Amino acid sequence: MFSWLNTWKNKIIVFATALGGPGLLLISFLDSSVLTFPIINDLLLINLSIQQPSRMPLYAFLAAFGSIAGCVVLYFIARKGGEALFRKRAGARAEVIKNWVEKNGFGGMLVAALLPPPTPFKIFVFAAGVFEIPLFSYTSAIALARCIRYFGMGYLAVKYGHQAMPFIIQHKIGIAIGLVLFVAASYLASRLILRGKEQLVA
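About the thresholds
- Residues numbered from 1 in each chain as written.
- Predicted model: local features only at pLDDT ≥ 70, side-chain atom pairs only at ≥ 80, totals over all residues.
- Heavy atoms only, no water.
- Helix = DSSP H or I, 4+ residues; strand = E, 2+ residues; numbered from the N terminus.
- Buried < 20%, exposed > 50% of the residue type's maximum accessible area, 1.4 Å probe, protein only.
- Contact = heavy atoms within 4.5 Å.
- Areas by Shrake-Rupley, 256 points an atom, 1.4 Å probe, with all protein chains shown as cover.
- pLDDT = per-residue confidence, 0-100.
- Phe/Tyr/Trp six-rings, centres within 6.5 Å; stacked < 30°, edge-to-face > 60°.
- Core = buried A, V, L, I, M, F, W, Y, C linked by side-chain atoms within 4.5 Å.
- Lys, Arg positive; Asp, Glu negative; His and termini not counted.
- Salt bridge = Lys/Arg side-chain N within 4 Å of Asp/Glu carboxyl O.
- Polar contact = N/O pair within 3.5 Å; in protein donor to acceptor, adjacent residues only side chain to side chain.
- Expected span 1.5 Å × (residues − 1).
- Bend = angle between axes of the 7 residues up to and from the residue.

### Structural notes on the overall build of the protein
Across its full length, the protein holds 10 helices and 0 strands. Listed N to C, the secondary structure of the protein is α-α-α-α-α-α-α-α-α-α in terms of helices and strands. Looking at the protein as a whole, 39% of its 202 residues are labelled buried. Long-range contacts, defined here as pairs at least 24 residues apart, represent 74% of the contacts in the protein between residues at least 6 apart. As presented, the protein carries roughly 11500 Å² of accessible surface, and 69% of it is formed by carbon and sulfur atoms.

So, in structure tokens, the structure goes:
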């Protein structure tokens, strides 16, 4: 069965690569929902951005949109599947992931989406659906994280060419920490600004 699945996945990759931008949208959607294509959408985004640098924003948008749509589909699948299925898939990590998602909401999903592999991101997506994290907060967090990821990757592709992926892999921990710190600082700053406005109104 695994051999059959891998054969079909390889056919999808070849088909998507030939399509260009629409293929990137397809791979990103499938990777974030029902299938897994490790780094294939990243490589396709990099190759397309190198070939046509002026279209990089479009390619980054397609990758982000496909991933967001796939995550939303998985979210609703999880809501139908229930907590028992989540615990079966998450195993020993189930309680930790449940607490993280329920306590942190938008911020928790954003951080999870920004962390590099081997972070089991789909388990966080599944938990968000099972424990009914508000769809708007969930989608907003995924959208922000995916835009940061794919537009950043597109920029590196235009700047470094085919060395972009080795650069990202070599520095993935540092990049992830930097992004998380940036997002945390931005979030705290926005909270302080809003609190200051509330005090002025009061």
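### A short note on the confidence of the model for the protein
Of the residues in the protein, 82% reach a pLDDT of 70 or more, and the chain-wide mean stands at 81. The lowest-confidence element of the protein is helix α10 (residues 172–201), averaging 58 in pLDDT; the highest-confidence one is helix α4 (residues 56–81), averaging 92. Overall, residues 196–202 carries pLDDT values under 50, and its contacts beyond four positions in sequence, including any with other chains, amount to 0 contacts.

### Here's the deal with the environment of Val34
Its place among the elements puts Val34 in the loop between α2 (21–32) and α3 (40–51). Taking the relative accessible area as the measure of exposure, Val34 reaches 54% and is therefore exposed. When the C-alpha atoms of Val34 and Lys122 are compared, they prove to be 10.0 Å apart, with 88 residues separating the residues in sequence.

### Looking at the packing of aromatic side chains
Following the criterion strictly, the structure yields 4 aromatic pairs and no others. Seen in terms of ring centroids, Phe86 and Phe131 are 5.3 Å apart; in terms of plane orientation they differ by 85°. Their pairing is edge-to-face. You can see Phe86 sitting in helix α5 (residues 83–90) and its partner Phe131 sitting in the loop between α7 (121–130) and α8 (135–160), a full 45 residues away along the chain. No difference in accessibility class separates Phe86 from Phe131, as the two residues are buried. Taken together, Tyr75, Phe76 and Tyr138 form an aromatic cluster joined through their ring pairs.

### Some details on unusual backbone geometry
Even without being a glycine, Glu132 presents a positive backbone phi close to 55°. Mapped onto the fold, Glu132 is located in the loop between α7 and α8. The exposure class of Glu132 is exposed, given its relative accessible area of 53%.

### Comments concerning the nonpolar core
Grouped together as the largest cluster of nonpolar side chains are 29 residues, with contacts concentrated most on Phe86, Val101, Met109, Phe121, Tyr138 and Ile142. When sequence neighbours within four positions are dropped, the list of residues in contact with Tyr138 reads Cys71, Val72, Tyr75, Met109, Val125, Ala128 and Ile133.

### Some thoughts on the side chain of Arg146
Mapped onto the secondary structure, Arg146 falls in helix α8. Despite being buried, Arg146 has no salt bridge partner; Asp31 is the closest side chain of opposite charge, sitting 6.2 Å away. For Arg146, the side chain forms a polar contact with the main-chain oxygen of Ala113, separated by 3.4 Å. If near-sequence neighbours (up to four positions away) are discounted, Arg146 is found in contact with Ser32, Ala64, Ser67, Ile68, Ala113, Phe121 and Phe151.

### Let's talk about the side chain of Ser33
Structurally, the position occupied by Ser33 is in the loop between α2 and α3. Accessibility expressed as a relative area gives 5% for Ser33, which makes it buried. If sequence neighbours within four positions are ignored, Ser33 has contacts with Gly70, Val73, Leu74 and Lys122.

### Focus on helix α6 (residues 94–114)
Residues spaced three or four apart along an α-helix point in a common direction, a consequence of the helix completing one turn every 3.6 residues. If you check α6, its first and last C-alpha atoms are just 20 Å apart, much less than what 21 residues at 1.5 Å a residue would give, namely 30 Å. Maximum bend of α6: about 125°, positioned at Gly105. Within α6, burial applies to Ala94, Ile97, Lys98, Val101, Gly105, Gly108, Met109, Leu110, Ala112, Ala113 and Leu114.

### A look at the pattern of salt bridges
Close approach of charged atoms allows side chains with opposite charge to pair. Counting across every chain of the model gives 4 salt bridges. The residue Asp42 makes a salt bridge to Arg149 at a minimum N-O spacing of 2.8 Å. Placement of Asp42 in helix α3 and of Arg149 in helix α8 is noted, with a sequence separation of 107 residues between them. According to the relative accessible area criterion, Arg149 is partly exposed, its value standing at 30%.

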